[in-house]
Amino acid sequence: MRALRRRRLLAGLTLEAGVPLALLALWWTWSTRAGLVFFPPLPDILRSFRETWLAAPASKEVLPSLGRLAVGYATAVLAGVGLGTLLGCSEAARRSADPIVQFLRGIPPPALLPFGILVFGIGDPMKVLMIALVCLWPVLLNTIDGVGGVDPTLRETSRVYGLPLGTRLAYVILPAASPQIVAGARTGLSLAIIMMVISEMVASTNGIGYSILEAQQTFRIPDMWAGILVLGVLGYLLNGLFVLLERRLLRWHRGARAREGV
Amino acid sequence: MRHHPPLLELVGLGKTFGEGPGATQAIAELTFSVQEGELVSVVGPSGCGKTTMLRCVAGLLAPSSGEVRLRGRTVVGPPPEMAFVFQDYSRSLMPWLSVRDNVELPLRHKSRLSRRERRSLVEDAVSSVGLGRFLDRYPWQLSGGMQQRVAIARALAYQPEILLMDEPFASVDAQARADLEDLVLQVQGAYGVTILFVTHDIDEAVYLSDRVVVLTRPPTTVQETVSVELPRPRDQVSTKELPEFARLRAHVFRGIKRQMEVDQGEGAEGHRARLAGHLEASGSTGTPP
């Protein structure tokens with residue numbers, strides 16, 4: 001029994017690590033032999049990756065990007081949860097806000113970039129605002145949904161025991177809505193990374209997006225690929241971090257759902 | 001005890017849902033009272049508005065006519081002297097809080113309690129329902145019967161004067177049900193709390209109660225109130241084999257069965273009764289049928 005489980009675990013690991021490694025090997029051999037300008041050899045890309053991104057000056061490009069991402073994302077999550085709770089608590093507020101929210105959400109955020117640059121220039125405030133604007137909607141909509149969908153029995157329990165508003169929010173409403181809020185925050189995170197890169201490509205003097213575009217424009221093709229690789233790795237790590245956080249936060253949810261499934 | 005003013009009074013309580021010709025009168029007129037320290041059960045044919053009545057008593061639902069009084073004061077919202085145990089325990093406990101935190105939650109805003117007092121109230125209540133070892137578990141790690149025990153512990157720790165229970169054991173298995181019934185008898189003694197207990201189980205009502213209030217079908221009124229003079233302490237086996245238990249059980253059962261026959265009967269009597277119900281419902285809203 002244990003041997004079987006160990007073998008299954010091993011097979012899973014082989015698949016998870018083996019397939020990407022095999023693909024890398026394929027890329028390596030193909031790119032070194034093909035000799036194409038736009039698809040430089042993988043070893044060159046990796047060298048550039050090491051020199052440009054892992055060496056000391058890496059902070060010059062990565063940290064500004066990450067900083068803007070963090071501030072914009074945090075602002076969006078706080079605003080989305082706050083506003084969403086307010087709107088979700090009352091049926092009237094929810095209904096009156098719905099068309100407006102749906103309309104604003106429908107505008108592709110990059111379309112607001114020209115406006116953002118006009119008002120805020122090309123500095124950090126503009127980029128942070130653009131990032132915040134793009135992640136606001138999924139967080140906001142999911143919070144409204146989650147708060148509005150709190151089980152009526154839970155609401156009545158809060159009323160019967162006379163829980164004051166603060167207690168009700170912190171111990172009943174927000175935890176009950178948290179699975180949906182977290183799902184919204186997760187969608188928001190990938191949107192935030194996209195917006196971070198776009199805002200840096202359109203108007204910036206530093207950042208990962210800026211350096212990818214700059215490498216392309218000066219025909220440093222391996223550097224361009226290295227930048228793309230950095231974004232991939234970054235996205236992967238941030239998502240992993242998010243999953244860890246989600247597991248901790250929603251442990252009860254998984255437990256309760258597993259129970260219902262039995 | 002009877003010479004005291006009653007703890008809880010329902011005075012001509014009525015509830016109509018909706019307006020105009022589509023309105024349905026769930027409860028016509030309910031009048032009865034509960035004395036301090038009593039355990040009163042309410043039974044009736046299914047759909048007779050037992051839960052609606054209890055929600056009105058709890059201040060969760062506004063009555064359409066009449067009123068509920070707790071110690072002489074009209075109930076307009078959930079009073080702080082009242083606790084409620086819902087039928088659906090899995091949705092009334094917070095799955096993100098441990099047993100301890102669930103029971104403590106309603107005490108958090110009682111500022112007259114120190115942290116230590118709160119803690120001991122919680123631990124006493126959880127022990128009294130026999131879950132002392134499960135303080136740090138989560139509700140979804142417990143069986144249905146145990147979850148309902150947690151809900152009862154939460155109600156007890158709140159130290160209410162009156163505890164309302166809405167078919168609390170309807171969704172647990174038979175063995176857990178008998179245990180929970182005995183638990184109610186036991187904690188009622190220990191906490192000296194008055195209980196208003198809604199159930200559709202006649203045996204349960206007779207076994208637990210000092211009095212059983214039997215309701216009619218809708219539009220609901222009190223059909224009769226049955227005094228249960230069975231000796232205490234009661235026991236699942238010896239109490240239930242008493243001739244008096246069998247007599248009371250049969251008496252209540254016949255009353256409810258009569259109601260249900262009226263409901264199902266296609267005879268002139270049932271028809272007339274239903275028509276009367278309609279007239280009454282539309283009459284109360286002032287529209288001609």
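Everything below is about the structure printed above this text.
Notes on the structure in this doc start here. (Residues numbered from 1 in each chain as written. Chains lettered and ligands numbered in written order. Predicted model: local features only at pLDDT ≥ 70, side-chain atom pairs only at ≥ 80, totals over all residues.)

**What about the overall build of chain A?**
Phase 1 of the analysis: Scanning chain A from terminus to terminus reveals eleven helices and zero strands.
Phase 2 of the analysis: Along chain A, helices (α) and strands (β) appear in the sequence α-α-α-α-α-α-α-α-α-α-α when read from the amino end.
Phase 3 of the analysis: Here the C-alpha atoms of chain A give a radius of gyration of 23 Å, more than 25% beyond the 18 Å that 2.2 N^0.38 yields for 262 residues.
Phase 4 of the analysis: Principal-axis analysis of the C-alpha atoms places the extent of chain A at approximately 75 × 65 × 30 Å.
Phase 5 of the analysis: Put simply, of all contacts in chain A between residues at least 6 apart along the chain, 73% involve residues at least 24 apart. (Helix = DSSP H or I, 4+ residues; strand = E, 2+ residues; numbered from the N terminus. Rg over C-alpha atoms; globule rule 2.2 N^0.38 Å. Contact = placed C-beta atoms within 7 Å.)

**As for the sheet that holds strand β3 (residues 39-43) of chain B**
All names here are of chain B.
Phase 1 of the analysis: One open sheet holds the ten strands; their spatial order is β5-β4-β1-β2-β10-β9-β3-β8-β7-β6, and the pairing between them is mixed. Looking along the sheet, the strands with just one partner apiece sit at the ends: β5 (73-74) and β6 (82-85).
Phase 2 of the analysis: In the sheet, strand β9 (residues 211-215) pairs with strand β10 (residues 220-227) via five bridges, with the strands oriented antiparallel. Counted as the bridge partner of Val-213 is Thr-225 from β10. (Pairing = 2+ DSSP bridges.)

**Here we look at the pairing of strand β7 (residues 162-166) of chain B**
All names here are of chain B.
Phase 1 of the analysis: Here β7 lies mainly inside the structure; five of its five residues are buried.
Phase 2 of the analysis: Two strands pair when backbone bridges link them, and β6 and β7 are joined in this way by four bridges, in the parallel orientation. Within β7, the position partnered with Val-85 by the bridge is Met-165.
Phase 3 of the analysis: Pairing between β7 and strand β8 (residues 194-198): five bridges, direction parallel. (Buried ≥ 20, exposed ≤ 12 C-beta atoms within 10 Å, placed from the backbone.)

**A closer look at the packing of helix α6 (residues 124-148) of chain A against helix α8 (residues 165-202) of chain A**
Residues and elements named next belong to chain A.
Phase 1 of the analysis: It is the contact of α6 with α8, at a shortest axis distance of 7 Å, that shows an interaxial angle of 155°. Classified by the angle their axes make, α6 and α8 are roughly antiparallel. For the pair α6 and α8, the crossing hand works out as right-handed. (Axes fitted to C-alpha atoms, helices over the stretch in contact; angles between N-to-C directions. Parallel < 35°, antiparallel > 145°, perpendicular 65-115°, else oblique. Left-handed = near helix turned anticlockwise from the far one by under 90°.)

**Describing the nonpolar core**
Phase 1 of the analysis: Counting 125 residues, the largest nonpolar core has A:Ile131, A:Cys135, A:Ala192, B:Ala153 and B:Leu164 as the members making the most contacts within it.
Phase 2 of the analysis: At 16 residues, α6(A) tops the list of elements feeding residues into this core.
Phase 3 of the analysis: With sequence-adjacent residues up to four places away left out, A:Ile131 is seen in contact with A:Arg68, A:Leu69, A:Gly72, A:Tyr73, A:Ala192, A:Met195 and A:Met196. (Core = buried A, V, L, I, M, F, W, Y, C linked by C-beta atoms within 7 Å.)

**Side note on the interface of chain B and chain A**
Phase 1 of the analysis: In this assembly, 22 residues from chain B lie in contact with 19 residues from chain A.
Phase 2 of the analysis: Only β6 and α2 (89-92) of chain B provide two or more residues apiece to the side of chain B that touches chain A.
Phase 3 of the analysis: Residues belonging to the side of chain B that touches chain A are distributed by class as follows: 16 nonpolar, three polar and three charged. (Nonpolar A, V, L, I, M, F, W, Y, C, P; charged D, E, K, R; others polar.)

**A word on helix α6 (residues 174-191) of chain B**
Residue and element names in this part refer to chain B.
Phase 1 of the analysis: The first and last C-alpha atoms of α6 sit 25 Å apart over 18 residues, in line with the 26 Å expected at 1.5 Å per residue.
Phase 2 of the analysis: Among the residues of α6, those classed as buried are Glu-181, Leu-183, Val-184 and Val-187. Down the axis of α6, the buried set is contained in an arc of 160°. They therefore lie on one face. Summarising the geometry of α6, the exposed residues directed more than 90 degrees from the buried face are Ala-174, Gln-175, Gly-189 and Ala-190.
Phase 3 of the analysis: Of the surrounding elements, those touching the buried residues of α6 are α4 (115-128), α5 (144-157) and α7 (202-208). (Expected span 1.5 Å × (residues − 1). Arc of directions from axis to C-beta.)

**With respect to unusual backbone geometry**
All names here are of chain B.
Phase 1 of the analysis: For the bond from Pro-218 to Pro-219, the omega torsion is -5°, close enough to zero to count as cis.
Phase 2 of the analysis: With respect to the helices and strands, Pro-219 occurs in the loop between β9 and β10.
Phase 3 of the analysis: For the peptide bond that leads from Arg-232 to Pro-233, omega is 0°, which places it in the cis range.
Phase 4 of the analysis: One can find Pro-233 in the loop between β10 and α8 (243-264).
Phase 5 of the analysis: Even without being a glycine, Glu-167 presents a positive backbone phi close to 40°.
Phase 6 of the analysis: Structurally, the position occupied by Glu-167 is in the loop between β7 and α6.

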